[in-house]
Amino acid sequence: MRLSRSLVPTLKQTPAEAQISSHRLMLRAGLVRQTASGIYAWLPLGLRVLNAISAIVRAEQNAAGAQEMLMPTLQTADLWRESGRYDAYGPEMLRIRDRHERDLVYGPTNEEMITDLARQSIQSYRELPQTLYHIQWKFRDEMRPRFGVMRGREFLMKDAYSFDLDYAGAVNSYRRMMLAYMRIFQRLGIRAIPMLADTGPIGGDLSHEFIILAPTGESQVFYDAALEQLDYLRSSYAYDSPADLANFHDLINTYYAATEEKHDQARWATVAQASRREGRGIEVGQIFYFGQKYSKPMGFSVAGPGGRPIVPEMGSYGIGVSRLVGAIIEASHDDAGIIWPESVAPFRAALLNLRAGDAACDAVCEDVYGRHPGAMLLDDRDERAGAKFADADLLGLPWQIIVGPRGAAAGRVEVKRRATGERAELSVHDALAKVF
RNA sequence: CGGGGCGUAGCUCAGCCUGGUAGAGCACCUGCUUUGGGAGCAGGGGGCCGGAGGUUCGAAUCCUCUCGCCCCGACCA
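**Quick look at the protein's contact with RNA strand B**
Line of reasoning, step 1. Lining the immediate surroundings of RNA strand B are 44 residues, of which Ala16, Arg144, Glu283, Asp393 and Arg423 lie closest.
Line of reasoning, step 2. By atom count, sugar and phosphate contribute 47% of the portion of RNA strand B lying within 4 Å of the protein.
Line of reasoning, step 3. Within the side chain of Arg384, one N or O atom sits 2.7 Å away from a base oxygen of RNA strand B.
Line of reasoning, step 4. Those elements that provide at least two residues to the surface near RNA strand B are β1 (32-36), β13 (276-291), α12 (385-395), α13 (405-408) and β22 (412-417).
Line of reasoning, step 5. Along the lines of polarity and charge, the residues of the surface near RNA strand B split into 14 nonpolar, 10 polar and 20 charged.

Listed below in structure tokens is the structure:
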């Protein structure tokens, strides 16, 4: 992408409304713009991050055997009356009336709708278990939106729903999702810690939230540092092995982790002093097992082997995709700007033409850019070097390839790693080999 | 929802108290000089002072109402 022809409105000054670093940086780097309280437009660079996160979530959900689908944002109120949540959910749910005076809601979550779809389409025990998910915009009319996309009213969420024939199957599905979540977060470049949680309005009796440490977090959390070291990507747990999943779950449960609501001083005292991690935490996902909470009142049953009906056991599994953009920045930035993990960066590298218009600089830049046009952001603007350096650091792409008049004539460029500041002057060939 | 604050140029803000021709810096446009960490000089464009009423000869400024946004708290993927 060529910066000279792109909508990347970086700001030198911080907009007055932004209080926390991720919000400030998202505005300054031109990722998003607020259009109403808690509602954001995603500009080209921000959307690329959202898409990169979604792609990882999608790949890992698919690997765990979940099927992608897409449910609408608007739902009829009737479904919510069936489950009893139309009244229970409260003013957080946005209620809408259409021209025929029919009550609709802008979905804050999709348990009712997926249960309705399942009861229409699944008739036999032979068709279970199944897990379905979608990545869709949600709306929750928060009393007080804040922290940019971390607590918006409209947000992008991956939500998955599992249907099993019995408790053991449901717990297995729950564990499978938990493993998928740990792999997702690790690939995103963050360390999210699973913590036993309250179930809240979703209901049910088994739930974990996934929390990353950040000074601006919303609740106090406590956990054993060993949980930061576990490598889920290299682990050999197989999704189709209940024994593996049980082992994985046992491993997680070996270590202490709790939010302040569930904090247990006695158990905390048994964690070695050096291993104690304590601080503010941001929730980036939550999973629930809730049995027949929806299947039963909504009349979803399948024929069992003997012909008798079985009411499926369900679970739901959410990841705040748009919130993760803010959360990742909270966890990874410095005074100069964002430091994107490679897996979610909008581009792999920034290519800085320090003197656009100089024949040698232009030639080297076009040559380099032409080799990976989809992976580079070419700063071909008519700006001074200082402005380009500052914007490159602000945007936080993992690599910077700096083409200046000093080296360009000799075919040499400078490669800078954003995370460490480490630089090297290299030939074009070596630079590309280093970055790609 | 309770408490507090703020709406003036794209951004950050001054002006308001004490009414009298709408300002600064940055950004933007033109030209020249400059060119490896947010350049300099000269010129230029851009505002229904959130909106509606009112007071007044005259309102960004005073009064009333309203809308929006932010912060603190209780609540939350």
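**A few points about the domain arrangement of chain A**
Line of reasoning, step 1. Entries for chain A in the domain assignment read domain 1 (3-338) and domain 2 (349-435).
Line of reasoning, step 2. For domain 1 versus domain 2, the distance between C-alpha centres works out to 38 Å.
Line of reasoning, step 3. Opposite the 14 residues of domain 1 that make contact, domain 2 presents 12 residues.
Line of reasoning, step 4. Buried area between domain 1 and domain 2, summed over both chains or domains, comes out near 1100 Å², and the portion from carbon and sulfur atoms is 59%.
Line of reasoning, step 5. In this structure, the connection of domain 1 to domain 2 is made through one salt bridge.
Line of reasoning, step 6. The salt bridge partner of Arg418 is Asp334, with a shortest N-O separation of 2.8 Å.

**Side note on the pairing of strand β6 (residues 103-106)**
Line of reasoning, step 1. Summarising the sheet, strand β4 (residues 74-76) and β6 pair through three bridges and their orientation is antiparallel. Opposite Gln75, over in β6, you have Val105 as the bridge partner.
Line of reasoning, step 2. In the sheet, strand β5 (residues 94-97) pairs with β6 via four bridges, with the strands oriented antiparallel. Looking across to β6, one finds that Ile96 is bridged to Leu104.

**A short note on the sheet that holds strand β20 (residues 376-379)**
Note: strands within a sheet are paired through backbone hydrogen bonds, in either parallel or antiparallel orientation.
Line of reasoning, step 1. Across the sheet, five strands lie side by side as β20-β19-β21-β22-β23; this open sheet has mixed pairing. Each end of this open sheet is capped by a strand with a single partner; those strands are β20 and β23 (423-427). Taking each pair of neighbouring strands and ignoring which way they run, the sheet shows an average axis angle of 25 degrees.
Line of reasoning, step 2. Looking at chain direction, strand β19 (residues 349-353) and strand β21 (residues 399-403) are connected through five bridges and run parallel.

Conventions used here
Residues numbered from 1 in each chain as written. Chains lettered and ligands numbered in written order. Predicted model: local features only at pLDDT ≥ 70, side-chain atom pairs only at ≥ 80, totals over all residues. Heavy atoms only, no water. Near = heavy atom within 4 Å. Polar contact = N/O pair within 3.5 Å; in protein donor to acceptor, adjacent residues only side chain to side chain. Helix = DSSP H or I, 4+ residues; strand = E, 2+ residues; numbered from the N terminus. Nonpolar A, V, L, I, M, F, W, Y, C, P; charged D, E, K, R; others polar. Domains from an automatic or database assignment. Contact = heavy atoms within 4.5 Å. Buried area = accessible area lost by both parts, 1.4 Å probe. Salt bridge = Lys/Arg side-chain N within 4 Å of Asp/Glu carboxyl O. Pairing = 2+ DSSP bridges. Axes fitted to C-alpha atoms, helices over the stretch in contact; angles between N-to-C directions.

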